[in-house]
Amino acid sequence: MGADNYNQDVSQVFRGHVFHVAGSTGLEDAKESLVAIPNGQVLVNEAGRITACGPRDDAAIPAGASIVEAPFVLPGLIDTHVHFPQLYAMDRYGGGQLLEWLDRCIFPAEARLADPAYGAVAAADFTDALARAGTTCALVFGSQFPVAQEALFHALSARGLRAIVGRTSMVLGPEALTTSIAENLRQCRDEIDRWHPAPDDLEESLLRAALIPRFALSFDQDGLRAFGELWEEMRERNVHFSTHLSENARPGDGEVAQVLATFGVEAYLDVYASFLSERSVFAHAVHCTDAEYTRLAAAGCGIAHCPTSQLFLGSGTMPMRRVRDHGVRMGLGTDWGAGDDDSIAQVANASAKVHGGADHPTSLHPAELLHLATLGGARVLRLDHRIGNLDAGKDADLVLVDPGRHPPLARRLSRIGAETTDDASVLFALLMGMGRDTIARTVVRGRTVYEADTR
Ligand code: GUN
Ligand code: ZN
């Protein structure tokens, strides 16, 4: 597939209260790098690139530019872990933790995508849900069914969203979702050949493919070894890798216990030893040892942190500060299906709650929450040279937020604005209160991919 090219034909100016975490900073420096411009503007050229971000200045606006005003302008939200075939999965009470929930709720839900008509509707709904939530870029665990995957890639491409997508491969599990190792490899290869851009198009393409074995328990030793060999080949082509890691530590029969027993390893991460790279993203990593976090950091891997999902499945709390202090890159994931909110802002809200006091006496700073939701995700996906903040030179992936769509939030913010000029307080109230219903417009590389109805 060639490079996508979704550019507006005119230059644009997005005006409002601008917040972003500038530069290429890690989470530890988010606070110092927070940029807040109460009366700001972001200039975007015809190619969808940001040319300037600063205070409102009429003189800087190119002739003929289209001017869009909104209460707040933020970088696009980045979802580093979401499951396409779980879109309609919250339809049944399963009880239990991860492994029971997979059997009772998720595998039946994912099997329904065998029906091409159902898959096509799901692809359209999923793409729409991302754009409405203000998500401009997502790492997506896809369907096992090629026809549903084809529908998803087409829907994302037509909408103009940025995404990294891979089929969720399984050798072991329910018959409806599994195939032989050879057939799994063939389908992964086909999907990557079809949708991953050629080297010359890689930089400009909005869509990329990923290699995604579901998790260790969906494989035996031979299966993981075969995927390791395919990965050796695919990493040369800058394909991403993703899977689940160390999510459920129930003693005796939980996920971690079963992985250690089945594969005869001392640490969960040992089973993924051939998959550690700068383009490898591990979802959860809640119960890793210090040695595992050290290995993840040394290899440049990222963690998709999914607190709403961890609350829902009783998976525990990832030790945020320990992970940060080990230098592992972190972004946020809705883990939709297990997470019950498709808004990354609401996942940031959950981060504020679970990490306030969990392993540290003070809560996360609003700049850290914004970092996790935007630049942190871009760093995990190794796309931070293109997206993640509003620095000049980056692609214009941004969201316009209108708290007026939820009047109590608007009134709270205007009262804060009247009482203080403290940027952190305004940003905190905004991030804690904003969700899908307050997104006024979602923009990817200058192109509007969602605009709320004007009331
Ligand atoms: N581990 C293996 N599969 C899944 C899944 O679909 N969701 C979550 N949260 N964890 C998993
Ligand atoms: Zn998941």
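Bear in mind the structure is a predicted one, so any value in this text is a computation, not a measurement.

1. Digging into the coordination of the zinc ion (ligand 2)
Thinking step 1. Taken together, the protein donors to the zinc ion (ligand 2) comprise H81 (NE2), H83 (NE2), H244 (NE2) and D335 (OD), at separations of 2.0 to 2.3 Å.
Thinking step 2. Geometry at the zinc ion (ligand 2) is irregular, judged from the 4 donor atoms that bind it and their angles of 88 to 169° at the metal.
Thinking step 3. In the primary structure, the donors to the zinc ion (ligand 2) are separated according to the pattern H-x1-H-x160-H-x90-D. Residue H83 is found in strand β5 (residues 77-83), and its partner H244 is found in strand β9 (residues 240-245); the two are separated by 161 residues along the sequence.

2. Focus on the packing of aromatic side chains
Thinking step 1. Inspection of every chain in the model, using the stated rule, returns 11 aromatic pairs.
Thinking step 2. Between the aromatic rings of W101 and F312, the centroid separation amounts to 6.5 Å while the plane-to-plane angle is 75°, which identifies the pairing as edge-to-face. Pair noted here: W101 is in helix α1 (residues 98-111) and F312 is in helix α8 (residues 307-312), with a separation of 211 residues, a long-range link.
Thinking step 3. Given the relative accessible area of 7%, W101 is considered buried.
Thinking step 4. Note on F312: relative accessible area 41%, which makes it partly exposed.
Thinking step 5. Seen from their ring centres, F153 and W195 are 4.7 Å apart, and the 5° between their planes marks the pair as stacked. Here the residue F153 occupies a position in helix α3 (residues 146-159), and W195 occupies one in helix α4 (residues 181-195), the gap between them amounting to 42 residues.

3. With respect to the site of ligand 1
Thinking step 1. Around ligand 1, the neighbouring residues are H83, Q86, L98, W101, L102, R214, F215, H244, E247, H284, D335 and A338.
Thinking step 2. With respect to ligand 1, the side chain of Q86 contributes an N or O atom lying 2.8 Å from an oxygen atom.
Thinking step 3. In this structure, an oxygen atom belonging to ligand 1 sits 2.7 Å away from a side-chain N or O atom of R214.
Thinking step 4. Protein chains bury 100% of the 280 Å² of accessible surface belonging to ligand 1 in isolation.
Thinking step 5. More than half of the atoms belonging to ligand 1 lie within 2 Å of the grid points that define the largest cavity.
Thinking step 6. The biggest single contributor to the shell around ligand 1 is α1, with 3 residues.
Thinking step 7. Taken together, the residues of the shell around ligand 1 break down into 5 nonpolar, 4 polar and 3 charged.

4. Brief notes about the sheet that holds strand β14 (residues 439-444)
Thinking step 1. Ordered by their spatial adjacency, 7 strands build an open sheet running β3-β2-β1-β4-β13-β14-β15, and the pairing between neighbours is mixed. Strands at the two margins of the open sheet, each flanked by one partner only, are β3 (50-55) and β15 (447-451). Sheet twist, expressed as the mean angle between neighbouring strand axes with direction ignored, is 35°.
Thinking step 2. Relative to β14, strand β13 (residues 398-401) runs antiparallel, the two sharing 4 bridges. Looking across to β14, one finds that L398 is bridged to V443.
Thinking step 3. Here helix α11 (residues 366-373) sits on the sheet and contacts β1 (12-21) and β2 (34-44); the angle it forms with β1, its principal contact strand, is near 120°.
Thinking step 4. Sheet strands in contact with helix α14 (residues 423-433) are β1, β2, β4 (66-75) and β13, and its direction is about 105° off that of β1.

5. Considerations on unusual backbone geometry
Of all residues except glycine, most have a negative phi; of all peptide bonds, most are trans.
Thinking step 1. With a phi close to 50°, A285 is a non-glycine residue in the positive phi region.
Thinking step 2. With respect to the helices and strands, the residue A285 is situated in the loop between β10 (280-284) and α7 (290-299).
Thinking step 3. Classification of A285 as buried rests on a relative accessible area of 0%.
Thinking step 4. A positive phi angle, near 45°, is found at R445, a position not held by glycine.
Thinking step 5. As for its position among the elements, R445 is in the loop between β14 and β15.

6. What about the layout of surface pockets?
Thinking step 1. Volume-wise, the largest pocket comes out at about 280 Å³.
Thinking step 2. Lining the largest pocket are 16 residues, with H17, F72, L413, G417 and V426 sitting closest to its centre.
Thinking step 3. Mapped onto the lining of the largest pocket, the elements with two or more residues apiece are β4, α13 (407-419) and α14.
Thinking step 4. For the lining of the largest pocket, the leading source of residues is α13, giving 4 residues.

7. Topic: the pairing of β15
Thinking step 1. Relative to β15, β14 is paired through 4 bridges, and the arrangement is antiparallel. Paired with R441 across the two strands is E451, which belongs to β15.
Thinking step 2. Adjacent in sequence and paired antiparallel, β14 and β15 are bridged by 2 residues, among which R445 carries a positive phi angle near 45°.

8. Regarding the sheet that holds strand β11 (residues 302-305)
Thinking step 1. As summarised here, the arrangement of the 8 strands in space is β5-β6-β7-β8-β9-β10-β11-β12, forming an open sheet in which the pairing is parallel. Edge positions in the open sheet fall to β5 and β12 (329-332), since each of these has one partner strand only. Put simply, the sheet's adjacent strands are angled 25° from each other on average, direction ignored.
Thinking step 2. With 5 bridges joining them, strand β7 (residues 162-169) and strand β8 (residues 207-213) adopt parallel strand pairing. Bridge pairing in β8 places T168 opposite I212.
Thinking step 3. Packed on one face of the sheet, α4 meets β7 and β8 and runs near 165° to β7.

Calculation criteria
Residues numbered from 1 in each chain as written. Chains lettered and ligands numbered in written order. Predicted model: local features only at pLDDT ≥ 70, side-chain atom pairs only at ≥ 80, totals over all residues. Heavy atoms only, no water. Donors = N, O, S within 2.8 Å, 3.2 Å for Na, K, Ca; no water. Tetrahedral: all angles 85-135°; square planar, octahedral: opposite > 155°, others 65-115°. Helix = DSSP H or I, 4+ residues; strand = E, 2+ residues; numbered from the N terminus. Phe/Tyr/Trp six-rings, centres within 6.5 Å; stacked < 30°, edge-to-face > 60°. Buried < 20%, exposed > 50% of the residue type's maximum accessible area, 1.4 Å probe, protein only. Near = heavy atom within 4 Å. Polar contact = N/O pair within 3.5 Å; in protein donor to acceptor, adjacent residues only side chain to side chain. Areas by Shrake-Rupley, 256 points an atom, 1.4 Å probe, with all protein chains shown as cover. 1 Å grid on protein atoms, 1.4 Å probe; cavity = no way out; pocket = protein on both sides within 12 Å on 5 of 7 lines; lining within 4 Å. Sits in = over half its atoms within 2 Å of the grid points. Nonpolar A, V, L, I, M, F, W, Y, C, P; charged D, E, K, R; others polar. Pairing = 2+ DSSP bridges. Axes fitted to C-alpha atoms, helices over the stretch in contact; angles between N-to-C directions. Contact = heavy atoms within 4.5 Å. Points joined across faces, edges and corners; volume = space filled by probe spheres on them.

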